[in-house]
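Chain and residue survey
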Amino acid sequence: MKPVEEHVAECLAAVRPLPPVELDLLDALDCVLAEDVVSPVDLPRFDNSSMDGYAVRIPDVAAATAAHPAVLTVSIDLPAGVDAVPVLAAATVARIMTGAPVPEGTDAVVPVEWTDGGVDVVTVLQPPAPGQYVRRAGEDVRAGERVLTRGTRLSPRHVALLAAVGRSRALVHPRPRVVVLSTGSELLPPGAPLQFGRIHDANGYGLTAAALELGAHARHGGIVPDDEAAVIAALQAALVDTDIVITSGGVSAGAYDTVKEVLRRLGTVLFEKVAMQPGMPQGFGTLGDRGTPIFTLPGNPVSSMVSFEVFVRPVLRKLAGETTLHRHVLPAVAAVPWTSPRGKRQFVRAVIERRSDGVSVVTPVGGQGSHLVADLAEATCLAVVPEQVTEVTVGMALNCMLLDRARR
Ligand code: AMP
Ligand code: MG
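Thresholds, definitions, all that
- Residues numbered from 1 in each chain as written.
- Chains lettered and ligands numbered in written order.
- Predicted model: local features only at pLDDT ≥ 70, side-chain atom pairs only at ≥ 80, totals over all residues.
- Heavy atoms only, no water.
- Buried < 20%, exposed > 50% of the residue type's maximum accessible area, 1.4 Å probe, protein only.
- Helix = DSSP H or I, 4+ residues; strand = E, 2+ residues; numbered from the N terminus.
- Arc of directions from axis to C-beta.
- Contact = heavy atoms within 4.5 Å.
- Near = heavy atom within 4 Å.
- Polar contact = N/O pair within 3.5 Å; in protein donor to acceptor, adjacent residues only side chain to side chain.
- Areas by Shrake-Rupley, 256 points an atom, 1.4 Å probe, with all protein chains shown as cover.
- Nonpolar A, V, L, I, M, F, W, Y, C, P; charged D, E, K, R; others polar.
- Core = buried A, V, L, I, M, F, W, Y, C linked by side-chain atoms within 4.5 Å.

**As for helix H5 (residues 228-238)**
Within H5 the residues assigned to the buried category are Val231, Ala234, Leu235 and Ala238. The buried residues of H5 occupy an angular sector of 100 degrees when the element is viewed end-on, so they sit on one face. Away from its buried face by more than 90 degrees, H5 exposes Ala229 and Gln236. Among the structural elements, strand S13 (177-183), strand S16 (217-224), strand S17 (244-248), helix H6 (258-265), strand S20 (281-287) and strand S21 (292-297) are those in contact with the buried residues of H5.

Pasting the structure below:
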């Protein structure tokens, strides 16, 4: 049996980050930058007021107190967005709003709260310190300065910075286009009435959702019966404008495992037994003229979701240009004992909790059968039991892959 690590490494070695494209800022959200971004401008772009108030020359107001205020003529009015700032006449002040450029020669801004708010003449009760309430050009970013580095995954804060320096587009690795196919003649879409012997397609939705959550352009490509012609047609359709195909079902040792039959003749997919539980039957390779990567995941819903976490997630992240490929892992100690198969890495659906003493403990959820979707939904992590361990004992330290979105 093939070690998990080896299969992960082979899948990763078969793909490269998608070639960069220029996207509009909002489309680039969550994508990985493929360029260093240099600001063409100073931020702030010009000296401006951080308060609504009056731009002054300090000597004109230095002696102002509540008992002996300075009374000055307001000779200019400066709202934010003014296109020119006249020179301020001697012994006068400029009424100024937050974000408006401060006139040349003024030293500070008196907040409106320290005055009577006058429009033509203003009474100033208190002097500002030199430079107070003036935001200086370039104090945040200097023109020519690098503000973002290649490899950064664009968050809303990064998008705001790009916009602030005037960029409407950014060079990023695009979101991988993913098509998910569910194979099995027993499958019907959720919403369709079930006849005896049929089940609703869980994997197609779970896998598409997992890819969407990762930021991929994922779509459910439909349910495909266990029929060779249908599988071939569905695979051909799935390859159009797609960076990666994910199928589930039809790859074990059954008589109607059509995906396996078909892909033995087309493409380069290798069907292997990987030393893990669940998720042992794995297939990965390429298909079609462009050598599109394809994962053929096992049909049991828990197996397909665990396979996604272990193999598909890192590949999607690599395609997207990311360098952190795997789920966040947290160490925790086992709260109860359980057994694990010799020679296989066990991924146990479990709940992780932080005890009051700060130690994280991990407890498996109800059943571990690979058909138990409700138990999978309850889990917040996959506790990873190493291959050589057959008995997990209370207090044993295990690495846990956190399944929460915040830990992507
Ligand atoms: P297979 O790998 O096709 O032999 O399927 C293994 C098990 O997973 C069978 O019980 C299937 O009915 C079930 N299964 C396969 N595909 C799906 C799916 N998309 N949703 C839910 N169960 C599935
Ligand atoms: Mg099947």
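**Here we look at the site of ligand 1**
Among the 16 residues in the neighbourhood of ligand 1, the closest are listed as Glu186, Asp201, Ala202, Gly250 and Gly299. Between ligand 1 and Ala202 there is a distance of 2.9 Å, counted from a nitrogen atom to a backbone nitrogen or oxygen. In this structure, Gly299 approaches ligand 1 through a main-chain N or O atom, which is 3.2 Å from an oxygen atom. Calculation on ligand 1 without its partners gives an accessible area of 480 Å², and the protein chains cover 77% of this total. When grouped by side-chain class, the residues that make up the shell around ligand 1 number four nonpolar, nine polar and three charged.

**Considerations on the nonpolar core**
Membership of the largest hydrophobic core comes to 37 residues, with the highest contact counts inside it found for Val178, Ile246, Phe295, Phe308 and Leu316. Listed by contribution, the elements that provide at least two residues to this core are helix H1 (4-13), S13, helix H4 (203-213), S17, S21, helix H7 (301-319) and strand S26 (381-385). It is H7 that contributes the most residues to this core, nine residues altogether.

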